[in-house]
Amino acid sequence: MGDKPQNDIATRVETIGSLMGRRLFQPASIQRDFKWEAANCVALFEDIYRVFSAHYAGNNEEEDDQAIPIPSSDELIDADLSGVAPPIDMEIEGPPNAYLLGPMYLAPPKNGISEVYDGLQRLTSLTILISVLRDRISLVSKEWGDWLHTFVEDEKWGYRLTYPTKSHKETGTARWLSEMAQRRGESIKARRNLESKTPRGRVTRAIREFRRLTQDMSPSELTSFAEFMMTRVRIVAIQIADMQLARQAFVTSNQRGVALSSVDILKGVLMDIAGNDERAAQVKDTWDRISTTPDLENFMSAVDFIERRAQQGPSHLVEFGDYLAEARPGFAILEWMDRLEALSASWRTMKSALFDPQKDPFEGDLWRLGLQNWNEWKPLALHFVFVYQQAKKENNKRRMDTVISRFSDFHRRAMAISLAGLGAKARHTIIRRAIEQSEGLTGDGKARNCMSLSYGALRLKPTQKDRAQRQLSTGFDDYEARVAFLRWLESLHWTRDALPDYVAGGTVEHVMPTSPAPEAKQWAIDFPDPDARLGLCNMLGNLILIDKETNHKAGSGDFSEKVQFYREMRPPFAMSAEVAELSKWRPQDIVARSERMREFALEQLDWDNNS
């Protein structure tokens, strides 16, 4: 054996600021273009923001409970849906005032540049996020904007992260990252939305998501968040001198073994809480029945939220176990396990309803909730289903009707929240308060209707309502929100008995294509102004919901060709029928149909009925 020194690997824990403020980066040859989807960028932001918000002193989410009217006697009876979420008699410990983002594998600097072997997707997303924060903050503080820009661009050597340009002039990440994000002032400019099938589209979508997630933050919160991210978020920088070893590290870190799940860990904790072998055996028997619950981890996440009503990070079920150990020791855990099994039965009912609207006991309204492109609604829905099933056992018809009424409002309030573009933290706060209002845990012990448009947790504030109105008027940039809205709107054209489950799989078709086929000449004749054509393209009136096969067949040809496929489509979609009856598709048709759809949507949202 030789005497090769063992110092070819160096590990250092660095903050994002220290890492990105002192180095230049390029992807290693084994790396790829920017591949993260919008959902990955959202998850990155929300993980960091969750920890930040727990310590941000200026963050005041709470409503003034004193301003909420006291319900009448009848309202108290109908509002009381308690019996699921317990009051919290112990302090829920928040996350530490720092966040560990994980490891990043780097080569030692060569000519001042470190090659990134693993962690490139995070580094690119962080660069885009810092660029968005820089441009937003620069509108109110040049000093803060200049400080953030130092992590994007070195004044002597240029951008800190650069992708190769030799073979990626048009289709690679290099151009779009620099032109749309790293260059000052570019990230806050309005741009045409692109599908995330190319690096350009993915950079565009990442910018849009980070802009959306920061749009409601005050200047003070923006600067505090930026400082937290640069000084409190840490990365384990692993520097590997041997290129072969670095490549091996990349491959190993991107393979996945079979890890012990957080649910498995929670099961062990529950048995420990029992305190003796006899109770532990009872816990295990109950857990074995519960373990067949479909989508078990998400079920336990919903139960955790109902119990603790705390923001959930990657280790939240471990934290839930710690909470139960203190709140439900010994015999108390047996009673809790019985309730968990009852909640499991409610979750099964809920999953069945989400799969098939004909099995939805709430007239298809629970199924409509499943059309949303966010999941924070699930704990509140589980809460309602549990209350409904308990009321059914007790033959309490009035309480059952109350829950049915709540679901009728719930999917409408949820869609309003989507239209307003509220982020995960805002949705978390809304659902937490909704559960507390339903349980009478808001301070005076009186339960309230969380769907009330006068004081309910799910009502929109005036500024949020204005934003939702603009979304309906101008059309949708966000693809997932567009799909969710059109599926929801389509579902409201069907009665409960006829509501087809295939609506949930409907795809969005632009009647006038975003990029007409070269042989499609009629579009240029009917829509001669390219800018006006682009503006009309994503308006509601130009969008229909159709099945995937018809969407593929219709393609990007002229309307006279596409409409034939709409007419032959089976099974049918209600909202496409009026388009299929036409022989031409002109600007006035898009505008008129947009207005009809907007009026129908507002009628269904019912947000001006102060009930």
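For the structure, see preceding data.
I will try to describe carefully the structure that is included in this document.

1. Some words on the overall build of the protein
Then, in step 1: Along the backbone of the protein there are 26 helices and nine strands.
Then, in step 2: Across the 611 residues in the protein, those meeting the buried criterion constitute 52%.
Then, in step 3: Intrachain contacts of the protein at a sequence separation of at least 6 include 76% that bridge at least 24 residues.

2. A look at helix 7 (residues 199-214)
Then, in step 1: Here helix 7 spans 23 Å end to end across 16 residues, near enough to the 22 Å set by a 1.5 Å rise per residue.
Then, in step 2: With 14 of its 16 residues buried, helix 7 lies for the most part within the structure.

3. Structural notes on the packing of helix 12 (residues 296-308) against helix 16 (residues 378-393)
Axes are the key here: two packed helices are described by the angle between their axes and the distance separating the axes.
Then, in step 1: Running from N to C, helix 12 and helix 16 cross one another at 80 degrees; their axes reach a closest spacing of 9 Å. Comparing the axis directions of helix 12 and helix 16 gives the class roughly perpendicular. On the side of helix 12, the interface is formed by Phe299, Ala302, Val303, Phe305 and Ile306, while helix 16 contributes Pro379, Leu382 and His383.

4. So, the nonpolar core
Inside soluble globular proteins, nonpolar side chains tend to come together where they are buried.
Then, in step 1: One finds Phe410 and Phe485 to be the most contacted residues of the largest nonpolar core, which totals 108 residues.
Then, in step 2: With residues up to four places along the chain from it excluded, the contact list for phenylalanine 410 reads Leu369, Trp377, Leu380, Ala381, Phe384, Ile431, Met451 and Leu458.
Then, in step 3: Formed by 53 residues, the second largest nonpolar core is a distinct cluster that contains Ile128, Val132, Leu133 and Leu222.

5. Considering the pattern of salt bridges
Then, in step 1: Taken as a whole and judged by the stated rule, the model has 30 salt bridges.
Then, in step 2: Residue glutamate 436 pairs with arginine 309 through a salt bridge whose shortest N-O separation is 3.3 Å. Of this pair, glutamate 436 sits in helix 18 (residues 424-439) while arginine 309 sits in the loop between helix 12 and helix 13 (316-327), and the two are 127 residues apart along the sequence.
Then, in step 3: Take glutamate 436: its relative accessible area is 14%, and that puts it in the buried class.
Then, in step 4: Accessibility expressed as a relative area gives 7% for arginine 309, which makes it buried.
Then, in step 5: Among the charged side chains, a network of salt bridges with common partners joins Arg12, Glu14, Arg22 and Arg23.

6. Remarks on the sheet that holds strand 4 (residues 113-118)
Then, in step 1: Read from one edge of the open sheet, five strands run 1-7-3-4-2, paired in mixed fashion. Each edge of the sheet is formed by a strand with only one pairing partner; in this case those strands are strand 1 (9-15) and strand 2 (24-27). Here the strands of the sheet are splayed against their neighbours by 40 degrees on average, with no regard to which way each runs.
Then, in step 2: Alignment of strand 3 (residues 99-106) against strand 7 (residues 233-240), held across six bridges, turns out to be parallel. Residue pairing in the sheet places proline 103 in a bridge with valine 236 of strand 7.
Then, in step 3: Contacts from helix 4 (residues 120-138) reach strand 2, strand 3, strand 4 and strand 7, with the element oriented near 120 degrees to strand 3.

7. What about unusual backbone geometry?
Then, in step 1: Cis geometry marks the peptide bond from arginine 570 to proline 571; its omega dihedral reads 5 degrees.
Then, in step 2: Here proline 571 lies in the loop between helix 24 (559-568) and helix 25 (577-580).
Then, in step 3: Unusually for a residue other than glycine, arginine 309 sits at a positive phi of about 50 degrees.
Then, in step 4: Look at asparagine 395: it is not a glycine, yet its phi comes out positive at around 55 degrees.
Then, in step 5: Structurally, asparagine 395 can be placed in the loop between helix 16 and helix 17 (397-419).
Then, in step 6: A relative accessible area of 67% means that asparagine 395 is categorised as exposed.

8. Concerning the packing of helix 16 against helix 17
Then, in step 1: Where helix 16 meets helix 17, the closest approach of the two axes is 8 Å, and the angle between their N-to-C directions is 160 degrees. As summarised for this structure, helix 16 and helix 17 are arranged roughly antiparallel, according to the angle between their axes. The two elements helix 16 and helix 17 meet at a crossing, and its hand is left-handed. Note on element contacts: helix 17 touches helix 16 through Arg399, Met400, Val403, Ile404, Arg406, Phe407 and Phe410, opposite Leu380, Ala381, Phe384, Val385, Val387, Tyr388, Ala391 and Lys392.

9. Points about the environment of threonine 173
Then, in step 1: Looking at the secondary structure, you find threonine 173 in helix 6 (residues 173-182).
Then, in step 2: Along the backbone, threonine 173 and glycine 201 are 28 residues apart, and their C-alpha atoms lie at a distance of 9.7 Å.
Then, in step 3: Residues contacting threonine 173, with those up to four places away along its chain left out, are Asp33, Phe34, Tyr163, Pro199 and Val203.

10. Structural notes on the packing of aromatic side chains
Then, in step 1: For the structure on display, the rule yields 20 aromatic pairs.
Then, in step 2: Each ring, one from phenylalanine 52 and one from phenylalanine 225, has its centre 5.3 Å from the other, and the planes form 75 degrees; the classification is edge-to-face. Taken together, the residues phenylalanine 52 in helix 2 (residues 38-53) and phenylalanine 225 in helix 8 (residues 219-232) connect sequence positions 173 residues apart.
Then, in step 3: Using a relative accessible area of 3% as the deciding quantity, one classes phenylalanine 52 as buried.
Then, in step 4: Through a chain of ring-to-ring contacts, the aromatic side chains of Phe45, Tyr49, Phe52, Phe225 and Phe228 assemble into a single cluster.
Then, in step 5: Across the ring face of tryptophan 176, the terminal group of arginine 200 is positioned such that the distance to the ring centre comes to 4.5 Å.
Then, in step 6: It is arginine 279 that lies over the ring of phenylalanine 331; its NZ or CZ is 4.4 Å from the centre.

Here is what the cut-offs are and how they apply
Residues numbered from 1 in each chain as written. Predicted model: local features only at pLDDT ≥ 70, side-chain atom pairs only at ≥ 80, totals over all residues. Heavy atoms only, no water. Helix = DSSP H or I, 4+ residues; strand = E, 2+ residues; numbered from the N terminus. Buried < 20%, exposed > 50% of the residue type's maximum accessible area, 1.4 Å probe, protein only. Contact = heavy atoms within 4.5 Å. Expected span 1.5 Å × (residues − 1). Axes fitted to C-alpha atoms, helices over the stretch in contact; angles between N-to-C directions. Parallel < 35°, antiparallel > 145°, perpendicular 65-115°, else oblique. Core = buried A, V, L, I, M, F, W, Y, C linked by side-chain atoms within 4.5 Å. Salt bridge = Lys/Arg side-chain N within 4 Å of Asp/Glu carboxyl O. Pairing = 2+ DSSP bridges. Left-handed = near helix turned anticlockwise from the far one by under 90°. Phe/Tyr/Trp six-rings, centres within 6.5 Å; stacked < 30°, edge-to-face > 60°. Lys NZ or Arg CZ within 6 Å of the ring centre and 35° of its normal.

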